[in-house]
Amino acid sequence: MTPSESARPARGDSQTSEGEGAGPPPLHPFGLVLHHDGHWTHEGQPILNRRIREKFDRSVRYLPDQAKYVVQIGRFRGEIVVEEAGFFVRDVDLDRAGVILSDGSRDALDLESLRVSELDGAYLCTVKRELAPGGLPARFTHAAQAEFLTAVDEGEEGLVIRLGGRLRPMPPLLREIP
């Protein structure tokens, strides 16, 4: 046995050196990018396979303790670079005042959190408030934004929308439909 082998803890030994065996390895970006418009690239190359893109969409997770987005598929977990939002609003449930997100989860639609993307005018809202102070951004897809806008109407004091059975004013930032 060499001196370095004797200094290394045996497999199963509870005493490990700092960081060794203390859980999963540290996360680092590995070239996977979720762009502001929802398309994926790996090391600059677009991911063209629809099923892979959909799997990645459903597999995005946010790790609050590390303030990082990852794609988690089975036991594999890799950090991703997110341009604007890690989640996308795929559908709007106006009757329940909610949104259906790209990871398959549902969340409340907080009308006051609606804002316009500085990149291209798409709507963003805040979701998953339990994961981060102030919540996380979710970007409306074209279809979800179009569905949302079909429910907007002219009221006595400006634009309004019926959410959860109640007529509510649109936030000041969104008083004009793009």
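Procedures and definitions
Counting restarts for each chain, with residues numbered from 1 along the sequence as it is written. In keeping with the model being predicted, local features are shown solely for residues with a pLDDT of at least 70 and side-chain atom pairs are shown and tallied solely at 80 or more, while totals for entire chains, interfaces and linings include all residues. Side-chain numbers here rest on the full set of heavy atoms in the structure, without hydrogens or water. Strands are runs of DSSP state E lasting at least 2 residues, helices are runs of H or I lasting at least 4, and numbering of each runs from the N terminus. To sort residues, take the accessible area from a 1.4 Å probe on protein chains only and compare it with the maximum for the residue type: under 20% means buried, over 50% means exposed, and anything in between is partly exposed. In protein, a polar contact requires one atom able to donate a hydrogen and another able to accept it; more generally it is a pair of N or O atoms within 3.5 Å, and residues adjacent in sequence count only if both atoms are side-chain atoms. By the convention used here, residues are in contact when the closest approach between their heavy atoms is within 4.5 Å. To qualify as a nonpolar core, a set must consist of buried Ala, Val, Leu, Ile, Met, Phe, Trp, Tyr and Cys residues joined through side-chain atoms within 4.5 Å.

### Overview of the side chain of Asp-93
Now for step 1: Position of Asp-93 relative to the elements: it lies in strand E7 (residues 87-93).
Now for step 2: Residue Asp-93 is classed as buried on the basis of its relative accessible area of 13%.
Now for step 3: For Asp-93, the side chain forms a polar contact with the main-chain nitrogen of Asp-95, separated by 3.3 Å.
Now for step 4: Residues in contact with Asp-93, not counting those within four places in the same chain, are Gly-98 and Arg-106.

### Here's the deal with the nonpolar core
Now for step 1: Counting residues in hydrophobic clusters, the biggest one holds 36 residues, and the most contacted among them are Trp-40, Val-89, Leu-109, Phe-140 and Phe-148.
Now for step 2: Beyond its immediate stretch of four places on either side in the chain, Phe-148 contacts Val-92, Leu-94, Leu-109, Leu-111, Leu-114, Tyr-123, Phe-140, Ile-161 and Met-170.

### Some remarks on helix H2 (residues 50-59)
Now for step 1: Looking at H2, one finds that the buried residues are Phe-56, Asp-57 and Ser-59.
Now for step 2: Along its buried surface, H2 packs onto strand E1 (29-34), strand E2 (40-42), strand E4 (60-63), strand E5 (68-73) and E7.
Now for step 3: The backbone nitrogen of Arg-51 has a side-chain oxygen 2.9 Å away, supplied by the residue at the start of H2, namely Asn-49.

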